[in-house]
Structure formats: structure tokens, C-alpha cells
Amino acid sequence: MPLHRISEFDPDYHNTIQGKDIKGMGVYVRGTDEKIGTISDAVVDDEGAFRYLIVDIGFWVFGKKVLLPIGKAQIDSRADRVYVVGITREQAENLPEYQEHTPLDYDYEERVRGGYRTQSVESSAPLDATSTAAVGSTSGRTTPSYDRNNYAYAQEPDLYDVSAHEDQTFKLYEERLVANKQRRKTGEVAIGKHVETETARVAVPVEKERIVIERVTPQDAGKVVSPETANFREGEVAHMEIYEEVADVRKEAFVREEVRVQKVVDKETVEAQETIRREELDVDTDGTPIVNKTDRI
């Protein structure tokens, strides 16, 4: 079955394993707690099943990457760690190196599997002439041989079955309603002013002076006067100034009214209702007594 790097097979891969992005997780040896490297990627088959973790074992062999069968790994998402089971430094040094251009075919997988198989495993698969794995024996026990045409990952649960080891953990999730507030603009009020014009009329009473010349006959008209009284002179002129009022109209500005602009906040409570989910644990004991431990308060 063709294999793919998980980042190419499923861009949303970080939600696949326990809701974590396994890239960058530290890899430690179970028991000794010795760090051997970090996870750089994962490998899945056409059905999306995890087959290998790509591990940079720089703490053991600088600059070397190898494939770790998923059955040899225990993911502890709480500690952000991956523990390896049943692998030694010598095994890691003898594993075939993984590079970006390495073809993930059956022959390369057999080289990888050969590095993890132990000589103490009893034969669990039929032997035939098309086997690609050599048959060896130690203390009366033999390693099984596998057929490239009929090989199935289920034949080696120790390498590919994540439930083959103890201390398997998984998480139960639940949904909660998280209420937040967002401030958004609902409108805008623009307040300005403009100038309107109109014609105003005002009446101003004014006075104008004018000269009235009145010629009357005096009562003593025809009476003879003495020569001394009669004063005949030429060029005698009487002067009198004439005035008039002119309307003086001008414009003056004054405050008519004052406009105050302010905001007030009206408060209200908005209620929302959603359906949330929660995972509960189903335990099928099949008649086997178990001890249920919990640290929940």
C-alpha cells in the first residue's frame, strides 16, 4: 500500500492525533527517560492509518532521521512527548537513514522493519520462496518471513498496532459556550453647520434740514427811516448750515444658541443558545474487573 507523509495526505493532520501537532515533539526512551530526538513528520497509508513517525535522532546520531513504526511509539500529549518502546541506541545506529527523496516502498520498509524485529520472535507467518526477509535462528527460535505480495501490517502488531503496548491514553473532549463581546460600528452621526441667507429689512427714521425763505411785508412798511438807519450795502450774505441724517445700517454677529453633542450608553443582555457536545467514557470489561481511578475533583 502506498505511503504518504501526513502533511501531504492531510493538511489538517494536527487534529488527527489527540488534537496535537506531533511535529516538534520530543522523543524519549520509555523507562530511562533519555531523549533521543524529535518528531519531524509522520507517514500514513492510503486509508489515513498511521504507519511511521519520522524521528530526527540527533541526540543519538547527529543529522540522522529514521522511521519509527507507530506501534513502537506512545504519545503523551500532556507532557508533549513521544516515548519509544523496545529500541536501543545500537538499533537506531543500524536503522536505514530516511531522507526527503527516500522511496517509501516495500524494500525500504523491510529494511526498517528488520531493524526493529528481534530474534526471539517465534515464527508467525508462513514461509515461502518469495519471502524478502531472511530466516535466522537463535536458541531454537526463528524470525518470520514475509511475502511482499501478501504482506499486511496486521501481521506485525508489535510494530503497527498502537494498542499492543500498555499505558495507552486518550482524551475525552467536551464543548463549552464561550461568550465574548465584539465592538462593531453600527452607524455614524455627522453634525455640522451651514449658512443660510435671507433678506432682512429695517426702518430707520431720518431727518433732513431745508431752507425756507419767506418774504413778508412788515407792519411799518412805507414808514420813513432816517438816513442813518438805512444802511445800503452791497454783497451782504447770510449763511445758514443745513444738516440731514443718514441711515447707518451694519451687521453684527451674536450667539443665538449652543448645541451640545454627547453619547449615552444603553445596556441590555443578549442571550444565546447552542447545542454542545461532550464525550463520555464507554468501558467494555467483558467480565474482567477493573479499577477506575480518577484525579478529578
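All values reported here derive from a predicted model rather than from experimental measurement.

## What to know about the overall build of the chain
- Helix and strand counts for the chain come out as four helices and nine strands.
- Walking the chain from its N terminus toward its C terminus, one meets helices and strands in the order β-α-β-β-β-β-β-β-α-α-β-β-α.
- Put simply, of all contacts in the chain between residues at least 6 apart along the chain, 55% involve residues at least 24 apart.
- For the chain, the exposed area adds up to about 24900 Å²; of that, 48% sits on carbon and sulfur atoms.

## Regarding the side chain of arginine 113
- Looking at the secondary structure, you find arginine 113 in helix α3 (residues 106-116).
- A distance of 3.0 Å separates polar atoms of two side chains, one belonging to arginine 113 and the other to glutamate 110.
- Of the polar contacts made by the side chain of arginine 113, one reaches the side chain of tyrosine 151; its length is 3.4 Å.
- If we skip the residues at most four places from it in the chain, arginine 113 touches Tyr52, Tyr106, Tyr151, Tyr153, Glu156, Leu159 and Tyr160.

## Here we look at the packing of aromatic side chains
- The final tally for this structure, using the stated rule, is five aromatic pairs.
- Consider the rings of tyrosine 28 and tyrosine 83, whose centres lie 6.2 Å apart with planes at 45°: the pair is tilted. You can see tyrosine 28 sitting in strand β2 (residues 26-29) and its partner tyrosine 83 sitting in strand β7 (residues 81-84), a full 55 residues away along the chain.
- What makes tyrosine 28 buried here is its relative accessible area of 13%.
- Through a chain of ring-to-ring contacts, three or more aromatic side chains come together here, namely Tyr52, Tyr106, Tyr151, Tyr153 and Tyr160.
- Its guanidinium or amino end placed over the ring of tyrosine 83, arginine 30 lies 4.1 Å from that ring's centre, counting from NZ or CZ.
- A cation over a ring is seen here: arginine 81 above tyrosine 28, with NZ or CZ 3.8 Å from the ring centre.

## Quick notes on the pairing of β7
- Here β2 pairs with β7 via four bridges, running parallel. Residue pairing across strands places valine 27 opposite valine 82, the latter belonging to β7.
- As judged from the four bridges shared by strand β6 (residues 73-76) and β7, these two strands associate in the antiparallel manner. Bridge assignment links glutamine 74 to a residue of β7, and that residue is tyrosine 83.
- In this structure, the hairpin formed by β6 and β7 is closed by a connection of four residues, where aspartate 80 is found at a positive phi of approximately 55°.

## Remarks on α3
- For α3, the full list of buried residues reads Tyr106, Tyr108, Glu109, Glu110, Val112, Arg113 and Tyr116.
- Here the buried face of α3 lies against β1 (3-5), β4 (50-56), β5 (65-69), α2 (89-94) and α4 (157-160).

## Description of unusual backbone geometry
- With a phi angle near 60°, aspartate 33 is a residue other than glycine that sits in the positive phi range.
- Mapped onto the fold, aspartate 33 is located in the loop between β2 and β3 (35-45).
- Positive phi outside glycine occurs at aspartate 80, with the angle close to 55°.
- Counting through the fold element by element, aspartate 80 comes out in the loop between β6 and β7.

## Description of the pattern of salt bridges
- This structure, assessed with the given rule, holds 22 salt bridges.
- For glutamate 280, the salt bridge goes to arginine 278, with nearest N and O atoms at 2.7 Å. You'll find glutamate 280 and arginine 278 in the same group, each marked exposed.
- Members of the salt-bridge network, linked through shared partners, are Glu109, Glu110, Arg113, Arg117 and Glu156.

## Considerations on the environment of isoleucine 75
- By the element assignment, isoleucine 75 lies in strand β6.
- Among the residues examined, isoleucine 75 registers a relative accessible area of 17% and is labelled buried.
- The spacing of isoleucine 75 and isoleucine 22 is 53 residues in sequence and 8.7 Å in space, taken between C-alpha atoms.

## A word on the confidence of the model for the chain
- When the pLDDT values of the chain are averaged, the result is 80; 80% of them are 70 or greater.
- Per-element mean pLDDT across the chain ranges from 40 in strand β8 (residues 137-138) up to 94 in β5.
- Here residues 119-141 is modelled with pLDDT under 50, and outside its nearest four sequence neighbours on either side it reaches 47 contacts, counting other chains as well.

## Re a nonpolar patch on the surface
- Residues Val189, Ile191, Val259 and Val261 make up a contiguous nonpolar surface patch of roughly 440 Å² in combined accessible area.
- Structurally, valine 259 can be placed in the segment after α4.
- Residue valine 259 is classed as exposed on the basis of its relative accessible area, which comes to 63%.

## Here's the deal with the side chain of glutamate 109
- Mapped onto the elements, glutamate 109 comes out in helix α3.
- Once residues lying within four places of it in the same chain are set aside, the contact partners of glutamate 109 are Leu3, Tyr52, Tyr153 and Tyr160.

Reading the values: rules and limits
Residues numbered from 1 in each chain as written. Predicted model: local features only at pLDDT ≥ 70, side-chain atom pairs only at ≥ 80, totals over all residues. Heavy atoms only, no water. Helix = DSSP H or I, 4+ residues; strand = E, 2+ residues; numbered from the N terminus. Contact = heavy atoms within 4.5 Å. Areas by Shrake-Rupley, 256 points an atom, 1.4 Å probe, with all protein chains shown as cover. Polar contact = N/O pair within 3.5 Å; in protein donor to acceptor, adjacent residues only side chain to side chain. Phe/Tyr/Trp six-rings, centres within 6.5 Å; stacked < 30°, edge-to-face > 60°. Buried < 20%, exposed > 50% of the residue type's maximum accessible area, 1.4 Å probe, protein only. Lys NZ or Arg CZ within 6 Å of the ring centre and 35° of its normal. Pairing = 2+ DSSP bridges. Salt bridge = Lys/Arg side-chain N within 4 Å of Asp/Glu carboxyl O. pLDDT = per-residue confidence, 0-100. Patch = residues over 30% accessible without salt bridge, like charges linked within 9 Å, V, L, I, M, F, W, Y side chains within 5 Å.

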